[in-house]
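Summary of the model geometry
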Amino acid sequence: MTSETAVALDKERPSSGLNGHGRNAQLNGNHTIKDEDVAMSEDDLPLSQTTRRDATSIPPRSLKRKKPVYAESSSEDDTPLASSPAKPAKANGKGKPKQEPSESTVVFPTDDASNNRGASNGRVSKPARKKVKEESDSASDQDEDDQSLESKSRSVSRKRKVKAESGSDVHRNTSMKPRKKVKQEEDGSEAEAPKPKRARKTKGDTETKSPSKPRGKKKEEQDQDQDQKEVFRWWENNSDPNGDGSVKWTTLEHNGVIFPPPYEPLPSTVKMKYNGKSTDLPPEAEEVAGFYAALLETEHARDATFNKNFFDDWKTVMKKHPPRDGTKITSFDLCDFRPMFEHFEAEKAKKKAMTGEEKKAAKKAKDEMEAKYTTCLLDGRKEKVGNFRVEPPGLFRGRGDHPKKGALKFRVRPEDITLNIGEGAPIPVPNMPGKWKAIQYDNTVTWLANWTENINGNHKYVFLAAGSSLKGQSDMQKFEKARELKNHVDRIRQNYTVDLKSKVMADRQRATAMYFIDKLALRAGNEKGEDEADTVGCCSLRCEHVTLESPDFIIFDFLGKDSIRYYNRVQVDPQVFKNIRIFKDNKNDDDNLFDRVTTTSLNKHLTSEMKGLTAKVFRTFNASFTFQRLLDEEDLANATLQEKLNVYNKANRKVAILCNHQRSAPKTHDQSMEKMRYKHRSFKYERMKLRHALFKLDPKHKKNAKYKDDESDLDDDWIIEHENNLKLKEIEKAEKKFVKENEKLQEESEAPQKDSVLRERLDDIEEEFNRLAKERGTSKATLKRDRPEEKLEESIDKLTEKIKAFKLQIVDRDEGKEVALGTSKINYLDPRITAAWCQIHDFPIEKIFSKTLVAKFPWAMEVEKEWKF
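Residues numbered from 1 in each chain as written. Predicted model: local features only at pLDDT ≥ 70, side-chain atom pairs only at ≥ 80, totals over all residues. Heavy atoms only, no water.

In the nomenclature of an unreviewed UniProt entry, the protein is known as DNA topoisomerase I of Gymnopilus junonius. Here is the UniProt Sequence similarities (unreviewed entry) comment for the protein, exactly as written: "Belongs to the type IB topoisomerase family." Listed in UniProt under the heading Subcellular location (unreviewed entry), the comment for the protein reads: "Nucleus". (UniProt positions renumbered as here; feature names shortened; annotations may be inferred.)

Structure, rendered in structure tokens:
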């Protein structure tokens, strides 16, 4: 490369001191992540060291591109491929030509559902034909990867045909019985998808797991035991292990959804001001103004796009419902929402000030009102419903630099909602006036209700809860499909490696995209509309997102899902480097890098390589496979619980970085870390006092290396501050205790204690801390109560272990500040890896999985410890 060209390239790309090992470097194959501390500017930082960035925060590159000159020998692999003839189909690993998938082959959408709009050019498909997801989108902050894929809904004519062929409901019921293939699986023959191994249970084990209720047990514990017994163990006799049957249920009854309460107008004394004067708004306009007022002190209210979209929609509402006093609101800058904001803050303060009994009563009333919506009857079983609450109206916040943030989300009414129930089941009555949009009886889908939101035209669905049998089967099938990829991945990699040199441009681009999806776990991506955030995936990368750096490095810099910046400098195969150079040739910055590949065509090809294979399956496979490998590499023979937890979280972090599951560091992170460091020092202070008390009993302990002074970070200033803090806490504690004792005496109609009692207690505290002040620097200490040497030594040993464990917690918390561990744990890591690992290392799974996750993955909890992904 000439020096002139090198200078031109340096201007185009961000500098990097990573030596080819970005924090997002690939984990699978022969590459490993290396965390190297390099002094860099914020724009040059790897993804894990940067906060969430908007599109506008990424340094703009010059649109004037200079064609780089590469000092490489010319070969046929570098020639343009646009006019090359199509080459014949390649053998599919077994000497036979690959078959194109038939029309009946299901090509699942990719994991980045929001990106899949290429085929429809942004048009929204009908709900009945949509490939829906296993969980609702109604919680806007929930990661879309959390939603698994639903089978394609059948048309009305198809349902009639099935019913005509079956002849009766009896045939429908028989479709739910175990098939012969499952029976063969039990006999040890080859099965389509292996079931998770279940630990053998003896009669005694069963009795241990489901004990009879002892007398005197609390009602809550009895209810929990009853819930345990009522769990439907579908994984023990899964009649549809591969999910390729069309019927999902036979009978379904539910109570619909619960709508938010109607708007309550503000008190007449609370008015929004316009140009310094109070404005009398009708309830419809006042409600929308209140949505903005509630966010007045947030980042949203300082965002120009948010403010513009809100004001435009609010003015539209005021055209139909103008201010009653005739005020013409035309300027956003003259609007003062502060009175409304202060009213909302006062209401929040009132709720916080409620007594414990008042809060319990309010919660009880709410639970009683919602009780009938929380469950449904599926095939005669009671199953929990997931998101049964309809999202209230408000202002759309979006993620990242979304062009529609601030727009008004309309109130959803019964006329907007389609219910799905079983034939003959009673039709629910909505809890607000109105009639349902439609009622359908489709047992080939698992959603209970759906509607279309007005912002992006997305379909919202109500599904069963995460721990339900249908969701559990979907999760298990997803991970089994990823495990199945192990048997095909070597052949698939060989095929796309050959295609990297293909004479057909489309094949070469597709192979290069597959390389990135496989090695870097990129999402597939697709074209976005003008009204969507400018986020991209592999297939929708533009030339500006990829920079070449000789001899074989590629720098990725783009906004991924949820507008999270993906920055990665990675070393690639030399042929991939050549390909990217060819793809970028004669293109502008805003041109597509892969202009001959779409998500649809890519997934169609993947399906021909392995049935049901999509880009998301690759992502799930690489995440789980990498996680299993990272855990197996660690020797935890003599590790403590905290050391084991740190190893687990470290492996989880590396997978999260691989999948670009990043987050902005919490605003309170620095304060939280400071509190933890202070607590760590406090433990050291306690140990120091115990050591000094031991030395006072027997000075010879000073020579013992075990009790050598290692509290060097406890300087005199800190000790004085800490003892003053302890003194204030003791005084506050004594005063509260005194007040409580007097209240109790009054309840018992006895005379309260005199103030002199409190003064005596405070004098004792003062005397105690005066003694501590005299002991500073003497290496001697007197404890409140005497302890023998053995007890002191035991207490010191316990505190030493506590200090070591707490220091590991500090390191773990700080390293994970910009990594979201939950997304990969919920969606990409096979839970059986965690369950088996916990058994091998005798680690309580409750320290890793919350109660929600344990309930979500009951099928994985009984796996044998020898199980591997």
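Back to the write-up after that little detour.
Enumeration over the complete set of coordinates arrives at 41 salt bridges. For Lys-350, the salt bridge goes to Glu-347, with nearest N and O atoms at 3.6 Å. Placement of the pair is Lys-350 and Glu-347 together in helix α9 (residues 338-352), with a separation of 3 residues, close to one helical turn. The class of Lys-350 is exposed, set by a relative accessible area of 55%. Of the residues examined, Glu-347 reaches a relative accessible area of 33% and is grouped as partly exposed. For Glu-775, the salt bridge is made with Lys-689, and the minimal N-O distance between the two is 3.3 Å. Of this pair, Glu-775 sits in helix α20 (residues 755-775) while Lys-689 sits in helix α18 (residues 669-697), and the two are 86 residues apart along the sequence. The burial state of Glu-775 is the same as that of Lys-689; both residues are buried. Here the salt bridges do not stand alone but share partners, grouping Glu-480, Arg-483, Asp-830 and Arg-832 into one network. (Salt bridge = Lys/Arg side-chain N within 4 Å of Asp/Glu carboxyl O. Helix = DSSP H or I, 4+ residues; strand = E, 2+ residues; numbered from the N terminus. Buried < 20%, exposed > 50% of the residue type's maximum accessible area, 1.4 Å probe, protein only.)

Moving on to empty space enclosed by the protein. With the rule as written, the count across this model stands at 2 cavities of 30 Å³ or more. As a volume, the largest cavity reaches approximately 90 Å³. For the second largest cavity, the full set of lining residues is Val-270, Lys-271, Met-272, Thr-279, Leu-281, Glu-286 and Met-340. Of the residues belonging to the lining of the second largest cavity, the class tally is 4 nonpolar, 1 polar and 2 charged. (1 Å grid on protein atoms, 1.4 Å probe; cavity = no way out; pocket = protein on both sides within 12 Å on 5 of 7 lines; lining within 4 Å. Points joined across faces, edges and corners; volume = space filled by probe spheres on them. Nonpolar A, V, L, I, M, F, W, Y, C, P; charged D, E, K, R; others polar.)

This part covers the packing of helix α16 (residues 615-632) against helix α17 (residues 641-658). For the pair α16 and α17, the least separation of the axes is 9 Å and the interaxial angle reads 150 degrees. One way to sum up the angle between α16 and α17 is to call them roughly antiparallel. In the packing of α16 onto α17, the handedness of the crossing is right-handed. Within the contact between the two elements, α16 uses Asn-622, Ala-623, Thr-626, Phe-627, Leu-630 and Leu-631 and α17 uses Val-647, Tyr-648, Ala-651, Asn-652, Lys-654, Val-655 and Leu-658. Classifying every residue of the contact of α16 with α17 by side-chain character gives 9 nonpolar, 3 polar and 1 charged. (Axes fitted to C-alpha atoms, helices over the stretch in contact; angles between N-to-C directions. Parallel < 35°, antiparallel > 145°, perpendicular 65-115°, else oblique. Left-handed = near helix turned anticlockwise from the far one by under 90°. Contact = heavy atoms within 4.5 Å.)

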